[in-house]
Amino acid sequence: MTATDLPQHQCAVEPVAWEEWGRDYPRFFGTMYGQTYLTFTPLFGHQYSHVWIDFRAILDTPMRQAGYDYFENSRRATYAQRAYAIANPMRWAAYGENVWGLTASDGAADVELEFEGEKRRFRTYSPRGVGVEYTMDDGTIAPTAAIASIAFAPEIVIPAVEEMYRRYGEHIFGKYGFYDAFNPSFNFDVPLRHGRTISGFGWVDTDYLGIDQGPILAMIENYRTGLVWRVMRTNPHIRAGLVQAGFKGGWLALDVPPSPAAMKDTKVTLDTPAAQEATAIR
């Protein structure tokens, strides 16, 4: 299928729109903590499109040039974040191989305070993360940052979920799951914008944010069964838009997309070796 094969009402946005979107990609390709990928500082940027669309084996022009798809790019971003937490260059409390995750999230307060003999800037809601453009880290961990990457790298995400729940669950997990964020380094007696401080633990949010809880649920289901991906692959408008943007290969190469009913019992196959190994163990 080509763009010329599509009904005109499905071609409202010309391919040049996607070309403009990707024009600045070279600025953001780089190597961070052992991973070379198209970076975006908060981890949500590597997750939200994947909540809905199965990007495995479909590539647009920039990713064809890179030699891998956006799914693999997000896997690398996930590994880079974990490696950053292990390196812990700012020496925040609790960071490590199974306690990690930076993205846009709530924080305790907009304030400058002393931590380990240095002045550190803490923030309320902020796009935390690691990227070539900037790194923003004030010790605030958002569980959704790790959990919503479960489809990309279950072999490192599942141990992180289990460890954060085991160590801190009494403080960071409530009726609707994980609270938005927590910061074991924030033990200061100052007015708070969000959440509360707990003696001997640090700061924890008291809010559940739907924009975080949604990706947690949807990406767990995509990891388990591929449900959201299967349904969305049958949407003609999504398919048309991807084709218009120059995506080729994978499920887009099928002449007629399968119906959700036909794909009901299809098992999702994760394409990276590490993910396949984790699936086999599971």
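Parameters and conventions
Residues numbered from 1 in each chain as written. Predicted model: local features only at pLDDT ≥ 70, side-chain atom pairs only at ≥ 80, totals over all residues. Heavy atoms only, no water. Helix = DSSP H or I, 4+ residues; strand = E, 2+ residues; numbered from the N terminus. Buried < 20%, exposed > 50% of the residue type's maximum accessible area, 1.4 Å probe, protein only. Salt bridge = Lys/Arg side-chain N within 4 Å of Asp/Glu carboxyl O. Pairing = 2+ DSSP bridges. Expected span 1.5 Å × (residues − 1). Polar contact = N/O pair within 3.5 Å; in protein donor to acceptor, adjacent residues only side chain to side chain. Axes fitted to C-alpha atoms, helices over the stretch in contact; angles between N-to-C directions. Parallel < 35°, antiparallel > 145°, perpendicular 65-115°, else oblique. Left-handed = near helix turned anticlockwise from the far one by under 90°. Contact = heavy atoms within 4.5 Å.

Now for unusual backbone geometry. Of note, the phi angle at Asn 88 is positive, near 45 degrees, even though the residue is not glycine. For Asn 88, the position within the fold is in the loop between helix H5 (70-87) and strand S3 (104-105). Judged by its relative accessible area of 14%, Asn 88 falls in the buried class.

Evaluated as defined, the whole model comprises 15 salt bridges. Among the salt bridges present, the one from Asp 24 reaches Arg 27, with a minimum N-O distance of 3.7 Å. Here Glu 72 makes a salt bridge to Arg 76, at a shortest N to O gap of 2.8 Å. Note that Glu 72 and Arg 76 are positioned in helix H5 at a spacing of four residues, about one turn of the helix. The exposure class assigned to Glu 72 is buried, which follows from its relative accessible area of 15%.

Remark on secondary structure: sheet strands pair via backbone hydrogen bonds, oriented parallel or antiparallel. Strand order in the open sheet formed by three strands is S11-S13-S12, and the pairing between neighbours is antiparallel. Bordering the open sheet on either side are strand S11 (182-183) and strand S12 (196-198), each of which pairs with just one other strand. Sheet analysis places S11 next to strand S13 (residues 202-204), joined by two bridges and oriented antiparallel. Residue pairing across strands places Phe 182 opposite Val 204, the latter belonging to S13.

Moving on: H5. The end-to-end C-alpha separation of H5 is 25 Å, in line with the 26 Å expected for 18 residues at 1.5 Å each. The element H5 is largely enclosed, with a buried count of 15 among its 18 residues. Where H5 begins, one side-chain oxygen reaches toward the backbone nitrogen of Phe 71, 3.1 Å away; that side chain belongs to Asp 69. The positive-phi residue at the C-terminal boundary of H5 is Asn 88, with phi of around 45 degrees.

In this structure, strand S1 (residues 29-32) lies alongside strand S2 (residues 35-38), joined through four bridges in antiparallel fashion. Bridging across to S2, Gly 30 finds its partner in Tyr 37. Linkage of S1 to S2, two consecutive antiparallel strands, is achieved through a turn of two residues, within which Tyr 33 is found at a positive phi near 50 degrees.

One can describe the packing of H5 onto helix H7 (residues 154-172) by two numbers: an axis separation of 10 Å at closest approach and a directional angle of 45 degrees. Our classification of the angle between H5 and H7 gives oblique. Where H5 crosses over H7, the two elements pack in a sense that is left-handed. Here H5 contributes Thr 78, Tyr 79 and Arg 82 to the contact with H7, which in turn contributes Glu 155, Ile 156 and Val 157.

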